[in-house]
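Residues per chain are reported as follows:
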Amino acid sequence: MSYLASDKRYLTMKYNKCGNSGLRLSAISLGLWHNFGVSDSFENSSALVHKAFDLGITHFDIANNYGPPAGSAEENFGKILKQDLARYRDELVISTKAGYTMWPGPYGDWGSKKYLVSSLDQSLKRTGLDYVDIFYHHRPDPNTPLEETMSALDLIVKQGKALYVGLSNYKPAETKRASAILKNLGTPCLIHQPSYSMFNRWIEDGLQDVLDHEGIGSIAFKPLEQGLLTTKYLNGIPGDSRAAGKSAFLHSKDITKIKLEKISNLNILAMERGQTLPQLALAWVLRGGRVTSALIGASKISQIEDNVGALNNLNFSSEELERIEQILAVE
């Protein structure tokens, strides 16, 4: 039986204006960094995308190197699009990126025009799309003039291969300069994708001010700090968790006694608010409206359902915010 989207998908999702553009993004977006590669169940991957869309998530975020192996997340998402979501293409915002190692040799990494244009051409073939809605440069390239990288993003839009462009992992000064170049070219930067969570607040030290001034939206990746901001690790490290060796980006040494104390105290506050800890963490990231969307990952449908539930309570009292600051300040 072919997939038919829920007719209630737009009733409860919150959609936020992205910077100075006319585009609105779902407050929760689904990322395909994990759980969409060759070794993952395609049926489960499809079910995750279906549930996300049924709940009003319209933004799906991929990258050329997502998998593993690199490229397979785009290929699997392309299959899901073709089989189930082709009729809904105009209701979707699909983004991809390039900037990390993708193929051997001098043209398969970083930020040259050669690499970015070639990479997006490959991404379009893997996904079966005529264009993506957002194309990001995934990280700054210290060896390529910023003018060349930004002119590549401008060219891609003018070729009709992307509607908007974005930056990821750029620091404040780099973002400000890149934005100025893009504005001068006539292709303003739509969005910045930085890591941001209760445990990783670097964007508060200047980047958010730059984004506000430049009229650029933001989408926070790792808002749950790869599962740390859940109750998963309060009673030890589960054998099937990322910290147990399932990921190169989270290790058991990252789960310290002090961090567990913070997680426990945050969980108490979440329960007092009638939320789960992930819901509290996502609501905190989205507080005040400075972040356009929180980019979640998921391996289970229940995780998506829980995460979207964060939108039921995005308001914090001054006392709650102060309490969070006190919890996070413990050393």
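All values reported here derive from a predicted model rather than from experimental measurement.

**With respect to the state of the cysteines**
Piece 1. Under the definition given, this model contains zero disulfides.
Piece 2. Considering cysteine sulfurs only, Cys 189 is the nearest to Cys 18, which forms no disulfide, with 8.7 Å between them.
Piece 3. We classify Cys 18 as buried; its relative accessible area is 1%.

**Points about the side chain of Glu 320**
Piece 1. Along the chain, Glu 320 falls in helix 10 (residues 318-329).
Piece 2. A residue is classified by how much of its surface remains accessible, and Glu 320, at 19% relative accessible area, is buried.
Piece 3. Among the polar contacts made by the side chain of Glu 320, one reaches the side chain of Arg 273 at a distance of 2.9 Å.
Piece 4. In this structure Glu 320 touches Leu 269, Arg 273 and Asn 315, once residues within four positions along its chain are discounted.

**Remarks on the packing of aromatic side chains**
Piece 1. Tallied over the entire structure, the rule returns six aromatic pairs.
Piece 2. Judged by centre distance (5.5 Å) and plane angle (35°), the ring pair of Tyr 196 and Trp 284 falls under tilted. With a gap of 88 residues between them, Tyr 196 in the loop between strand 8 (189-193) and helix 6 (207-214) and Trp 284 in helix 8 (residues 277-286) connect regions that are remote in the sequence. In this structure, Tyr 196 and Trp 284 share a single accessibility class: buried.
Piece 3. Three or more aromatic residues joined by ring pairs form one cluster here, namely Tyr 3, Phe 53 and Tyr 88.
Piece 4. Above the face of the Phe 316 ring, Arg 273 is positioned so that its terminal group lies 4.0 Å from the ring centre.

**Observations concerning the pairing of strand 9 (residues 217-221)**
Piece 1. Counting buried positions over the five residues of strand 9 gives five, a clear majority of the element.
Piece 2. On strand 9, burial covers both faces: Gly 217, Ile 219 and Phe 221 on one face and Ser 218 and Ala 220 on the other are all buried.
Piece 3. Sheet topology note: the strand 8/strand 9 ladder contains two bridges and is parallel. Paired with Ile 191 across the bridge in strand 9 is Gly 217.
Piece 4. Between the parallel elements strand 8 and strand 9, the chain passes through helix 6 in a crossover that is right-handed.
Piece 5. Relative to strand 10 (residues 293-296), strand 9 runs parallel, the two sharing three bridges. Its bridge partner being in strand 10, Phe 221 is matched across the sheet by Leu 295.

**As for the sheet that holds strand 6 (residues 132-137)**
Piece 1. Pairing is parallel around the closed barrel formed by eight strands, whose spatial order is 3-4-5-6-7-8-9-10. Across this sheet, the average inter-strand angle for adjacent strands is 30°, counted without regard to direction.

**Re unusual backbone geometry**
Piece 1. Following Gly 67, the chain continues to Pro 68 via a peptide bond in cis, the omega torsion being -5°.
Piece 2. In the segment running from Pro 68 into Pro 69, the intervening peptide bond is cis, with an omega of -10°.
Piece 3. Examined against the element boundaries, Pro 69 turns out to sit in the loop between strand 4 (59-61) and helix 2 (72-85).
Piece 4. The phi angle at Trp 110 is positive, at roughly 70°, despite the residue not being glycine.
Piece 5. On the secondary structure map, Trp 110 appears in the loop between strand 5 (93-98) and helix 3 (113-127).
Piece 6. Residue class for Trp 110 comes out partly exposed when judged on its relative accessible area of 29%.
Piece 7. The backbone of Gln 226 sits at a positive phi, close to 55°, despite the residue not being glycine.
Piece 8. Its location among the elements puts Gln 226 in the loop between strand 9 and helix 7 (257-272).

**A closer look at the nonpolar core**
Piece 1. One finds Ile 28 and Leu 30 to be the most contacted residues of the largest nonpolar core, which totals 84 residues.
Piece 2. Take this core: its biggest share by element is eight residues, from helix 8.
Piece 3. In contact with Ile 28, not counting residues within four places along its chain, are Met 13, Ile 57, Leu 282, Leu 286, Ser 293, Ala 294, Ile 296, Asn 307, Val 308 and Leu 311.
Piece 4. Grouped together as the second largest cluster of nonpolar side chains are 11 residues, Leu 25, Leu 190, Ile 191 and Phe 221 included.

Calculation criteria
Once a new chain begins, its residue numbering starts again from 1 and follows that chain's sequence as written. The predicted origin of the model limits local features to residues at a pLDDT of at least 70 and limits the giving and counting of side-chain atom pairs to 80 or more, whereas totals for whole chains, interfaces and linings rest on all residues. Side-chain measures were taken over the full set of non-hydrogen atoms in the model, leaving aside hydrogen atoms and water. Put simply, a disulfide is two cysteine sulfurs that come within 2.5 Å. Partly exposed residues are those whose accessible area sits between 20% and 50% of the maximum for their type, while under 20% is buried and over 50% is exposed, using a 1.4 Å probe and protein chains only. Every helix listed is a DSSP run of H or I at least four residues long, and every strand listed is a run of E at least two residues long, numbered separately from the N terminus. A 3.5 Å cut-off defines polar contacts: any pair of N or O atoms within that distance qualifies, except that in protein one atom must be a possible hydrogen donor and the other a possible acceptor, and neighbouring residues in sequence count only when both atoms are side-chain atoms. For this analysis, residues touch if any pair of their heavy atoms sits within 4.5 Å. In this scheme Phe, Tyr and Trp rings, the latter by its six-membered ring, pair at centre separations within 6.5 Å, and the angle between planes marks the pair as stacked below 30 degrees, edge-to-face above 60, and tilted otherwise. Whether a charge sits over a ring comes down to the Lys NZ or Arg CZ being within 6 Å of the ring centre and within 35 degrees of the ring normal. Pairing between two strands is assigned when DSSP locates at least 2 bridges connecting them. With strands facing away from the observer, any crossover in which the path from the first strand over the helix to the second runs clockwise is taken as right-handed. Orientation is described by axes fitted as lines to C-alpha atoms, over the contacting stretch for helices, and by angles from 0 to 180 degrees between their N-to-C directions. Here, nonpolar core means buried Ala, Val, Leu, Ile, Met, Phe, Trp, Tyr and Cys residues that are tied together by side-chain atoms lying within 4.5 Å of each other.

Without other data, these values stay purely geometric and don't point to any function.
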